[in-house]
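Each chain, letter by letter, is given below.
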Amino acid sequence: MSRGRSPSPRNANRDTDMDIDSTSPAEKPNAKVVVVTNLTRNVVESHLKTIFAFYGPITKIDLPIFGKSGQNRGKAALEFADSSSAHKAASHMDGGQLDGFIVKVELSDLPIRSVSRSP
């Protein structure tokens, strides 16, 4: 009988950095925010701007980072100037590849946080 480590007791649905809205895209006709998950640690804000600006003007990007390493936490929220751009980005990029990883892109009605990153 082998003994392994038990899984950590974290709640997988709990996300303290960003609120993710779980309703379907059809129920969010006015959504301007897309949440991108499964990002590699190499992705930076300029990568996201370059790729997602193809679908329309971006007004805000929230890319949470780890304080010590300076690497991203694997997710980002992008706010577009209009909802049609956000819908295009979500439909075209969901399941697409970014830096070799398949990303998940979802629409959100929730605004991007405006929290200061200073300690």
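Since the model is a prediction, treat every value here as computed from it, not as a measurement.

Enquirer: Honestly, the overall build of the chain in this entry has me stumped. Any pointers?
Expert: Of the regular secondary structure elements, the chain holds two helices and six strands. Listing each helix as α and each strand as β along the chain from the N terminus yields β-α-β-β-α-β-β-β. The buried share of the chain, taken over its 119 residues, is 35%. Of the contacts formed within the chain by residues at least 6 apart in sequence, a portion of 69% connects residues at least 24 apart.

Enquirer: Quick question: what am I supposed to make of the pattern of salt bridges here?
Expert: Once the charged atoms of two side chains with opposite charge are near each other, the side chains can pair. Enumeration according to the criterion identifies one salt bridge in this entry. Where Lys104 meets Glu106, a salt bridge forms, and the shortest distance between an N and an O atom there is 3.6 Å. When its relative accessible area of 43% is taken as the criterion, Lys104 is described as partly exposed.

Enquirer: How do you make sense of the environment of Asn42 when you look at a structure like this?
Expert: Checked against the element boundaries, Asn42 lands in the loop between strand 1 (33-37) and helix 1 (45-52). With 32 residues separating them in the primary sequence, Asn42 and Gly74 have C-alpha atoms 9.3 Å apart. With near-sequence residues (within four places) excluded, Asn42 lies in contact with His47, Asn72 and Asp99.

Enquirer: Looking at this model, I keep getting lost on the sheet that holds strand 2 (residues 58-62). Mind explaining?
Expert: Strands in a sheet are paired, the pairing made by backbone hydrogen bonds, and the direction either parallel or antiparallel. Reading across the sheet, the four strands line up as 2-3-1-6 and stay open at both edges, with antiparallel pairing between neighbours. Each edge of the open sheet carries a strand with a single partner, namely strand 2 and strand 6 (104-108). Here the strands of the sheet are splayed against their neighbours by 20° on average, with no regard to which way each runs. Inspection of the sheet shows strand 1 paired to strand 6 by five bridges, in the antiparallel sense. By the bridge assignment for strand 6, Val33 is matched with Ser108. On the sheet, helix 1 packs against strand 1, strand 2, strand 3 (75-80) and strand 6 and is oriented at approximately 145° with respect to strand 2. Against the sheet, helix 2 (residues 83-93) contacts strand 1, strand 3 and strand 6, and its axis sits at roughly 155° relative to strand 6.

Enquirer: What am I meant to see in helix 2 here?
Expert: Because an α-helix packs 3.6 residues into every turn, residues spaced three or four apart end up facing the same way. What helix 2 keeps buried is the set Ser83, Ser85, Ala86, Ala89, Ala90 and Met93. The arc enclosing the buried residues of helix 2, seen along the axis, measures out at 160°, which places them on a common side. Exposed positions of helix 2 whose direction lies more than 90 degrees from the buried face are Ser91 and His92. Buried residues belonging to helix 2 abut strand 1, helix 1, strand 3, strand 4 (97-98) and strand 6. Following helix 2 by one or two positions, Gly95 adopts a phi angle in the positive range, close to 90°.

Analysis parameters
- Residues numbered from 1 in each chain as written.
- Predicted model: local features only at pLDDT ≥ 70, side-chain atom pairs only at ≥ 80, totals over all residues.
- Heavy atoms only, no water.
- Helix = DSSP H or I, 4+ residues; strand = E, 2+ residues; numbered from the N terminus.
- Buried < 20%, exposed > 50% of the residue type's maximum accessible area, 1.4 Å probe, protein only.
- Contact = heavy atoms within 4.5 Å.
- Salt bridge = Lys/Arg side-chain N within 4 Å of Asp/Glu carboxyl O.
- Pairing = 2+ DSSP bridges.
- Axes fitted to C-alpha atoms, helices over the stretch in contact; angles between N-to-C directions.
- Arc of directions from axis to C-beta.

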